[in-house]
Structure formats: C-alpha cells, structure tokens
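A closer look at the structure
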Amino acid sequence: MRWLERFALRAVMPAGGALPGIEATNLDAFLDRFHREGPAAFRIGLVAGGALILASPVLTLRRPVPASWLTPEQLDQHVQRLAYHPLYPVRQSLFLVKMIAGMCWGADPAIRATLGVTPLGPDPGTWRGDAARSPEPPKLGERVISLDAFRRWAAARR
Amino acid sequence: MTHLAFQAGSRFDRPVEVEADYVVVGTGAGGAAAAVVLARGGASVAMVEAGPWRDPADYPASMWGTLRDMMDGWGVNLAIGRALWPIVQARLVGGTTVINSAIAIRTPGEVVREWRDDHGFPDSDALAAAIWRHQDAIEAELHVSPTPRASAGRSNDLAARAGAALDLNDHAMHRAIRDCAGSGACMQGCKHDRKRSTNVTWVPEALAAGATLLSCAPVARVELRGRRAVGVRGAFVHPTDQRRGKRFVVRARKAVVIAASATHSPALLHRSGIRSRALGRHFRAHPGVGVFGVYDTPVDMNSGATQGWSSTALRATKGLKLETLAIPLELVASRLGGAGSQLIGRLGDYRHLAMWAVAVRAEAVGRVVTTPTGKPVVFYDIGRRDMERLRDGAHVIAQMHAAAGARAILPGVFGLPYSLAPDELGKLAAGPTDPRAWTAIMTHLFGGCVMGADPRRAVCDPRGRVHGYDGLVVADASALPTTLGVNPQHTIMALARVRAEELLAA
C-alpha cells in the first residue's frame, strides 16, 4: 500500500516543474505520520485514489496498461485528464489525493522557503489535562466527586 | 476552578459523577454563552464538552495539525447530496469559535419577524430587543471592533478598493478580536491569543465563578426521568488515540441545556429517545464558494486578517454575503484546478493569489439523520435557484477582483476555463449550476432542532424548550428556524444568553 500511496502523491505533484515536487519533501516521514495519526477516511481515500490513478490510463489515454508503465510525460497527461474528468467521483477522488499531497508539500520548510513563505511552527498536540502538561488528577473514590477536593488539587497544580 | 479532562478507565471504581443546577452540553458560541450567564447568576453549572481544552500555546501550526487537533471528524464530515460539500465544525473547548474569524454581525430584525410570521414566535419585538441588548454586552465583553487598517493586509485592502469601485456598501469586518496581530491564521486558532473565542473568555470566567468543566467528554445521551431531563451521561475519550476512558454522569437539578451544534444536537436528542417529528429536519445552511484573483505583485493573503472585509449590500436582494478569506498554502493545492506538473506550475502563483468568498442564504432544506452508531449524517441537496444565486455571487467576486486590478480570475468551476481574463467574466455569469461543478463548503449551519409554536413542525417551543419535555432546552444554531443571511455566531451567543436568563428567572 505504501508504494501505491507514494505513487499517487508523486503523480499529482511530480518533480521537474517550476517548483520542487513532493519527492523533494520528507515524504516518508509524512506517510508515517499519515498512518499513525490520520483517519481511516483519509487512508482509504488515498489508496482508492492511488488505485484509480494506477488503473485508469485506458480512460484518459486509451492505453490499457497500469499507470506505473507510463512515461513521466504520459503519467502527467493522465493525471491532468483525471483532474478534469467528466465523472464527479473521479474528480473527487483526485481532489482528496491533491489535498493530502498539499498538506505534505505545503508544510515542507524547503518548499515554503522556495516560495518565500514563512515556515510553520510545531503542532504541539497538547491539551489541558494532558500528561505532557499537568499531573493526573487525584484519585477520588466518592460516589459524587468533591468539588472542593478538585479545587485544592487545581490550586496545588498552579 | 474544576476541570476534569480525560479520565483513564482504571482510575475510578465508579463512573465520575457530578451534580449541578444546570448541565450545559457544548462550550461553543451557544454553550459557553449560556453557561457564563447562568454562572454569573449564581447557579451551579457543569459544562460538558466532547473535545479537549486547548490553549493558544497548544494550537497547531500546520493544516494537518488543525484537522487532527481541532476539527470535528478531521474536517471530512460531508453534506451528502448531488455534490459532497464539507461541513466545517470544530471539536474542542470553545467549539467553532476557536477556528472561525470571530465575525460579529447583529441579528437582522426581519429575521426575527420571519420567526414570528412563519414559526409562531409570540413576541418577536421583545425577543429582538433582548437579543440586541445582549449583543451590546457581547460586543463590549469580547472586544468586537472593526478590523484595524494596520492589520488588514493587502488582500483586505484590495477588497476595500474593489468594494468602493463597485459601490458595494462594504466595511471592515467587525470581529471579536482584541489588537489583531494580522497573522492570517484565524482558521488554525489564534496563537497570539487575540481572538476572543469562548475557550479563553467565557469558559474560564464560568469556571472562576464556580462552574465545572468536563472536557474530552462526548455526551452519549440525555438522562430522562419520565418526561424530565435529569442529566447526561457518556464516557471520556482520549483526544489523541480515541481511547475510551471512564464513564461519567452529570446530574442536573434544574435543566439540561443542549448546545452541541446543528449536527450533533439533533443526533444527541435522537440517541436520547426524544420523540419529535421535526427532529433532524429543517436543516439549513449558507453554502459558500471562494474565487481567486491573481495579481501582478504579491498579495500574501495569509499575511493580515483572515477575514477583514465584508459586504452585505446584496443580502436583501440576492441573499448573498461577500467577504474576504485566506486559506493556507497546504490547502491551495486542492483548491486549484489540475494535477501533475500543471498543478505545480500553478502553485507558483501562491503569493499572488487573493481569495474572496460568497456565502448564499440558501432556500434548500436538508436533514440530519442519526446513524445506528449514533453519528449525525447530513443530507442536503441545493436547488437550482440557490445555485444561480451562488453563481451570481461568484460573478460579483470575480468582478471585484477585476476592479482591484487582478490580471486573471480563477473561478474553480468545472466546465469553465481554469483562468479568466477580466474581460471574460461573462463566462462565469453563464456558468454551470450543477453543484458538482463547484468546490463549495457548508459554512454556517442552522436547524435540526428548530424552535416553533407547532410541535408537529418544531422540536422546541419559541423559548428553546423541547416540546413535551421538562428541563430540556436547546441553545445553539440547531434551534434557529431559518437562516440569517449573516454570520450566525453573534445571534447564537445572544440567543443562548436570553435562554439562560429565562432559566434563571423560571
């Protein structure tokens, strides 16, 4: 699956143009994060989009071969035609692949530097009550939690 | 201050139990507004929020982080119809007030008169007066002010120039933002802590007044004793790995206030066994589309206020609201047409792009359906008349770009050229009305638990009380029986405060 995902993302944002393609980013790290954190809808959508790109040159170029057999120029023409395909589900599938590719490409510091856009800061992923930010609340056994006890705990934490 | 976040399942022998006079489900525009008024009135309040509490220092920077940490369902909840349009809602303490532009536009008077004429609101003049009185107070409390020129940025300046040229009766956007830093990242949460979202204003104030907050705590159902709401129950969910934690029960001595959003409130009532023919029905929205202009010199739309300019000149005649917008680089790739080297080449224009948007007060009516797993799904099919108005609005936006000096306009409509010259805008005016040709989003959502005098057509009475039940009040956008034609946050906040006052007086 990882090969298919890479293939789809590289196809919609290839190298060799006026700007670096997605291959110039840390794509492996992005895909690791994508699989670790991303929702099932994204993962299924990217695989489905990849499968569509791979299997559909017959629809766009009249060539009954997998897209991986196409030359870079043919593959480029193939994805361009898919992006403007008359069938809405095909366009939507490409839309999702482009969106995922954009989140990798557009966040990359080198790409942003090339465009003259400020680099992004971190995504801390923290929240109040998070172990990374505060101790766990006290263990309370009462049936109804004593609000006073929690106030004392909160005050101590401050 | 009492804040209970995710509670691991092993920490307590029994469910976490809390008791308060009022239980408020949701901490967004409606929930936090109701909670703070109740707390100020001396009542004990428990707020229950599905998402975690994130401070500005916790906000993510990237779009991936924003979808992961802030958006409901990673932003991939869709309105299902002929086209699939995303529903933009947040899931954290503060709700969507954290990720919107804090736009504050007063409730139009004729909307409240519509509620009187079409939905049986008995004293609309008094209701309008109460709403506006609260909007006076909200504007003072949340520092509502016009976007300052110094932080507007070039995109908003260009829009102001175009608005003047086209006589659009435009103005700097009024927003609940104090000393805007112009960082262009309203949609990712304001890391400069300038936006007065409810997670940094009313929720802490309510807690300081003695309220309790349960975060990471999606409510599974409202507890009923006969026809009386007596509390809510659910289980904590870890915000990162979705691990289920300890169960919780929050008992309400007086009332349960539902403010979980236009999609989640109807689903919650449905899960709770509330019987109403109107539940989930009368769902409405302001669908919106953006149109890019390409300028000769850099615009840097993400530098400056995200939405600093607005016009309601076409609201009365066409139901259109025009405003500026900025989307981050990471999302532009999906919004521009094409793929492959063509797309990469087009992204080279990024710094020269300005995106302005139109939202339409659509007549279409959809439905919120609750799946067997308890999740809300929105079915919404926009009609031809609405699409024609949306297209008209996109055409006006394109004319604005032309008036502001754009060298090209990118309509982003399937069936039209990728780029239009300023003298080719007639093609957009005659463009397709098939919603599948447009890349739109569902911006403002209304209904699902609408108010009205007739229990056959409305879930709640005109005071937000669920028909046929005691102690159960809806105080969010789901109760609004019509669209507004303006950004709804100010109306939702004011109406929720009116509801809270009514509860205190009862």
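So, how was this worked out
- Counting restarts for each chain: residues are numbered from 1 in the order of the written sequence.
- Chains and ligands are labelled by the order in which they are written, letters from A for the one and numbers from 1 for the other.
- Only residues with pLDDT of at least 70 are given local features in this predicted model, and only at 80 or more are side-chain atom pairs given and counted; all residues enter the totals for whole chains, interfaces and linings.
- Strands here are runs of E lasting at least two residues and helices are runs of H or I lasting at least four, both read from the DSSP assignment and numbered beginning at the N terminus.
- Neighbour counting defines burial: a residue surrounded by 20 or more other C-beta atoms within 10 Å of its own C-beta is buried, one with 12 or fewer is exposed, and intermediate counts give partly exposed, using backbone-placed C-beta atoms.
- By definition, residues are in contact whenever their C-beta atoms, placed on the basis of the backbone, come within 7 Å of each other.
- In this analysis an axis means a line fitted to C-alpha atoms, helices contributing only their contacting stretch, and an angle means the value between N-to-C directions, from 0 to 180 degrees.
- Handedness of each helix crossing follows the sense of rotation of the near helix against the far helix: counterclockwise by less than a right angle gives left-handed, clockwise gives right-handed.
- Asp, Glu, Lys and Arg are counted as charged, while Ala, Val, Leu, Ile, Met, Phe, Trp, Tyr, Cys and Pro are counted as nonpolar; the rest, among them Gly, fall into the polar class.
- Note on terminology: a nonpolar core is a set of buried residues of type Ala, Val, Leu, Ile, Met, Phe, Trp, Tyr or Cys, with members joined through C-beta atoms within 7 Å.
- Expected helix span is given by 1.5 Å per residue-to-residue step, counting one fewer step than there are residues.
- By construction, the arc corresponds to the directions joining the helix axis to the C-beta atoms.
- Along the chain, pLDDT gives the predictor's confidence residue by residue, from 0 to 100.
- What fixes the domain bounds is an automatic or database domain assignment.
- Strand pairing follows a simple DSSP-based rule, namely that at least 2 bridges must link the two strands.

1. Side note on the overall build of chain A
- The helix and strand inventory of chain A stands at 8 helices and 0 strands.
- Secondary structure of chain A in N-to-C order comes out as α-α-α-α-α-α-α-α.
- For chain A, buried positions account for 32% of its 158 residues.
- Sequence-distant contacts, at least 24 apart, represent 53% of the contacts inside chain A between residues at least 6 apart.

2. Quick look at the packing of helix H1 (residues 29-40) of chain B against helix H13 (residues 489-505) of chain B
Residues and elements named next belong to chain B.
- Two elements in contact, H1 and H13, have axes whose closest approach is 8 Å; the angle formed by their N-to-C orientations is 35°. As for how H1 packs across H13, the hand of that crossing is right-handed. Packed against H1, whose contacting residues are Ala-29, Gly-30, Ala-33, Ala-34, Val-37 and Leu-38, the element H13 presents Gln-489, Ile-492, Met-493, Ala-496, Arg-497, Arg-499, Ala-500, Glu-501, Leu-503 and Leu-504 at the interface.
- When the residues that make up the contact of H1 with H13 are grouped by side-chain class, the tally is 11 nonpolar, 2 polar and 3 charged.

3. Topic: the interface of chain A and chain B
- Listed per partner, the contact involves 55 residues of chain A and 55 residues of chain B.
- Listing elements by their share of the side of chain A that touches chain B, those giving two or more residues are helix H1 (2-12), helix H3 (40-55), helix H5 (72-83), helix H6 (88-105), helix H7 (109-115) and helix H8 (147-157) of chain A.
- Broken down by element, the residue count for the side of chain A that touches chain B peaks at 11 residues, all from H6(A).
- For the side of chain A that touches chain B, a count of residues per class yields 32 nonpolar, 13 polar and 10 charged.

4. Focus: the nonpolar core
All names here are of chain B.
- Among the nonpolar cores identified, the biggest contains 213 residues, and Val-23, Val-25, Ala-35, Val-45 and Val-257 are the most heavily contacted of them.
- The element best represented in this core is H1, accounting for 9 residues.
- Among all residues touching Val-257, those that are not within four sequence positions of it are Tyr-22, Val-23, Val-24, Val-25, Ala-34, Val-473 and Ala-475.

5. Concerning unusual backbone geometry
All names here are of chain B.
- Positive phi is not limited to glycine here, since Ala-102 has a value of about 60°.
- With 28 C-beta atoms packed within 10 Å, Ala-102 lands in the buried category.
- Phi is positive for His-143, close to 55°, though the residue is something other than glycine.
- Within the fold, His-143 resides in the loop between helix H4 (124-141) and strand E6 (144-146).

6. A short note on H3(A)
All names here are of chain A.
- Along its 16 residues, H3 runs 22 Å from first to last C-alpha, staying within 8% of the 22 Å computed at 1.5 Å per residue.
- Buried residues of H3: Phe-42, Gly-45, Leu-46, Gly-49, Gly-50 and Ile-53, and no others. The buried residues of H3 occupy an angular sector of 130° when projected down its axis, which confines them to one face. Facing away from the buried surface of H3 by more than 90 degrees, the exposed residues are Ala-40 and Ile-44.
- Those residues of H3 that are buried are in contact with H1, helix H2 (27-37), H5 and H6.

7. Re the confidence of the model for chain A
- Scored by pLDDT, chain A comes out at a mean of 88, with 82% of its residues at no less than 70.
- Segment residues 135-146 of chain A is flagged for pLDDT under 50; beyond a separation of four residues in sequence, or across chains, it makes 20 contacts in the model.

8. Some thoughts on the domain arrangement of chain B
All names here are of chain B.
- When its domains are assigned, chain B resolves into domain 1 (2-54 + 92-102 + 105-141 + 197-282 + 448-505) and domain 2 (146-187 + 283-442).
- When each unit is reduced to the centre of its C-alpha atoms, the spacing between domain 1 and domain 2 is 30 Å.
- Taken together, the contact between domain 1 and domain 2 spans 20 residues of the former and 26 residues of the latter.
- Residues belonging to the side of domain 1 that touches domain 2 are distributed by class as follows: 7 nonpolar, 11 polar and 2 charged.

9. Side note on the environment of Cys216(B)
Residue and element names in this part refer to chain B.
- On the secondary structure map, Cys-216 appears in the loop between strand E9 (212-214) and strand E10 (219-225).
- Using a count of 26 C-beta atoms within 10 Å as the deciding quantity, one classes Cys-216 as buried.
- When near neighbours in sequence (up to four residues on either side) are disregarded, Cys-216 contacts Ala-5, Phe-6, Gly-51, Pro-52, Phe-236, Val-237, His-238 and Pro-239.

10. Re the environment of Val377(B)
Residue and element names in this part refer to chain B.
- Of note, Val-377 is situated in strand E18 (residues 376-379).
- In this structure, the C-alpha to C-alpha distance between Val-377 and Arg-335, residues 42 residues apart in sequence, is 24 Å.
- If sequence neighbours within four positions are ignored, Val-377 has contacts with Ile-80, Val-369 and Thr-371.

11. Overview of the sheet that holds strand E5 (residues 84-86) of chain B
All names here are of chain B.
- Taken together, the 4 strands give an open sheet; going across it, the order is E5-E4-E18-E17, and neighbouring strands pair in mixed fashion. The sheet is open, and its two edges are formed by E5 and strand E17 (367-370), each paired on a single side. Each adjacent strand pair in this sheet contributes to an overall mean axis angle of 35°, direction not counted.
- Sheet topology note: the strand E4 (residues 78-80)/E18 ladder contains 2 bridges and is parallel. Looking at E18, one finds that Ala-79 is bridged to Val-378.

12. Focus on the pairing of E17(B)
Residues and elements named next belong to chain B.
- Where E17 and E18 come together, 4 bridges link them in antiparallel fashion. Along E18, the bridge assignment pairs Arg-367 with Phe-379.
- Counted along the chain from E17 to the antiparallel partner E18, the turn is 5 residues long, and its residue Gly-374 has a positive phi close to 90°.

13. Let's talk about the pairing of strand E12 (residues 244-258) of chain B
Residue and element names in this part refer to chain B.
- In the sheet, strand E2 (residues 16-25) pairs with E12 via 9 bridges, with the strands oriented parallel. Across the sheet, Val-23 pairs through a bridge with Val-256, a residue of E12.
- Examined bridge by bridge, strand E11 (residues 228-237) and E12 share 6 bridges and lie antiparallel to one another. Along E12, the bridge assignment pairs Val-232 with Val-250.
- Counting the residues that bridge the hairpin from E11 to E12 gives 6 residues, and of these Gln-242 lies at a positive phi of roughly 65°.
- Relative to strand E21 (residues 472-474), E12 runs parallel, the two being bridged by 3 bridges. Note that in E21 the partner of Val-256 across the bridge is Leu-472.

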